[in-house]
Each structure stands twice: as C-alpha cells, then as structure tokens.
Amino acid sequence: MITLASTALPTHAATPPVDFTHLPWKNGESLTYLVSMGLFEASEGTFTAHQDGDHWEFNLKLASRGIVDEFYPFTGWFWCRLAPDAPWRSVEYGEFRFEPKRIIKEQTRIDYAARKGTREIWTTGKSKTFPVSVDAIDDVGTMLYHLRTGPWKPGDTRLLHVYESDSEKEATVQCEARESRAFGAWPAQSVLRIVALPGKGTHHRGRLTMWVTDDARHLPLHADLDFRYGTFTIDLESAK
C-alpha cells in the first residue's frame, strides 16, 4: 500500500524544532553504507554519531571499492559538530580527502554572532569568509541527521539552510509517500519516501531520494542520488 502526499511542493516550508532529549539515534550509533553506480560498487562509508560532552559530533569514513578502487582509489574522513544547545545548528565541518590527483584538508567554522563562516584550506594556507543570513544552518553532514529528527508524514515539507564550500545554500525536502518496501537484507516494512531538492544558492542540479523506516529511528535504508557525476544508489549494509 502506498500513501501519497496530497499537496504540491511549496516554495517555503517551516522546519520543526528538534527535541534534543528524544533523538532517534543513540551515542555510538554506526551505520555502514555501500555506494554503487549501476552494477558496480563504487565506495563504502560508515557514519558514526558521538556525544562529546555537551555536544554531538558526526563522522563519516569513506573509501573507494570495486572497480573504482582499481582506477581511482580514494579515502576520506569527514567530521561535523553541532552547537551544544538549541536550536539545531552546525558550528564546524571539516574533511581530509585523498585522491590520486588531489588532497583536500580543510575546516569551516560558523560564527553566528558575527553572521559569517570561515573556511580554512589547510593545503594552501588560505582562508575564505562568507555571510550567514540565518540563525541556524546545517552542513552536509548534520543535514542528514537533521532529516531523521521530528515526525514525518506524506505531504510534510521542510526548508533547510546548508553551507557547502564557502557559501550558504537552501534545500527543500518533502515526504512524498508512505510505502511498504524491502531493500537488500532488510525485510519489507513501512518506509517513508523523502526527497531533497537543491534550492537558492545551488548552481548544480541534483536530487536525493531516500527511504527511511516509518518509526522513531527514521533509519535510512536506501537512497538514490542524482547529481553532476552520475546516478548512484546507497544501501544500508549494517546498523550497530
């Protein structure tokens, strides 16, 4: 059975406040995903959530696999940090990425009092600043966890502000349907189909469609990602 949203996607949508006392994950949660391009494995990534004192940190360890590892091997370590108190908002994002022809080592920090972000590119010794127009903004990592919080039902929409590289962007997210689906080793169950579309400030078109469990955990089981490098599928291999 499929329950579809009954309204069209609005231009703007409110994002509900996050209840930090009832988050859908526990300290130490680890989720490992396989990323594929068509029939070929491309990479494997493990997300971890840690409560470090008064704030949450989210990490991603990423490495190439299969045919990609033979022709373009890469590894990456990404981290992001939430502010210690409400509202939900990112205060730091960084990455170490190693590819055959380039190395990326950088960190971005958000100063909400000054309404600006500072991106430090450690490989070149340069830094860039950019304006932040809102009181709460996500990075690409905290955004994925943000989408798991709060209730979802078909027709619900959210407008998220996200920073990437050295600029602020928008993403519009809608819960399109409630379905009964099975993915890989995960049996058929009630899932929510959620779509994220790029908005203001984004020059590259793309689309992220993901299916999350229709329960308090909102565990992402599968996703289809369409962007400038191609179409990828992302499947949950293990959850600890």
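Preceding block: the structure.
Residues numbered from 1 in each chain as written. Predicted model: local features only at pLDDT ≥ 70, side-chain atom pairs only at ≥ 80, totals over all residues. Heavy atoms only, no water.

A word on the pattern of salt bridges. Inspection of every chain in the model, using the stated rule, returns 20 salt bridges. Among the salt bridges present, the one from glutamate 29 reaches arginine 217, with a minimum N-O distance of 3.4 Å. One end of the pair, glutamate 29, is in the loop between strand E1 (3–4) and strand E2 (30–37); the other, arginine 217, is in the loop between strand E13 (207–213) and strand E14 (220–227), and 188 residues separate them in sequence. Of the residues examined, glutamate 29 reaches a relative accessible area of 4% and is grouped as buried. Where arginine 102 meets glutamate 99, a salt bridge forms, and the shortest distance between an N and an O atom there is 2.9 Å. We classify glutamate 99 as buried; its relative accessible area is 16%. (Salt bridge = Lys/Arg side-chain N within 4 Å of Asp/Glu carboxyl O. Helix = DSSP H or I, 4+ residues; strand = E, 2+ residues; numbered from the N terminus. Buried < 20%, exposed > 50% of the residue type's maximum accessible area, 1.4 Å probe, protein only.)

Let us look at the environment of threonine 46. Among the secondary structure elements, threonine 46 is positioned in strand E3 (residues 40–52). Spatially, the C-alpha atom of threonine 46 lies 9.6 Å from that of glutamate 237, the residues being 191 residues apart in sequence. Excluding residues that lie within four positions of it along the chain, threonine 46 makes contacts with Ser30, Leu31, Thr32, Asn59, Leu60 and Lys61. A distance of 2.9 Å separates polar atoms of two side chains, one belonging to threonine 46 and the other to threonine 32. (Contact = heavy atoms within 4.5 Å. Polar contact = N/O pair within 3.5 Å; in protein donor to acceptor, adjacent residues only side chain to side chain.)

Just geometry here; none of it tells us what the structure is for.
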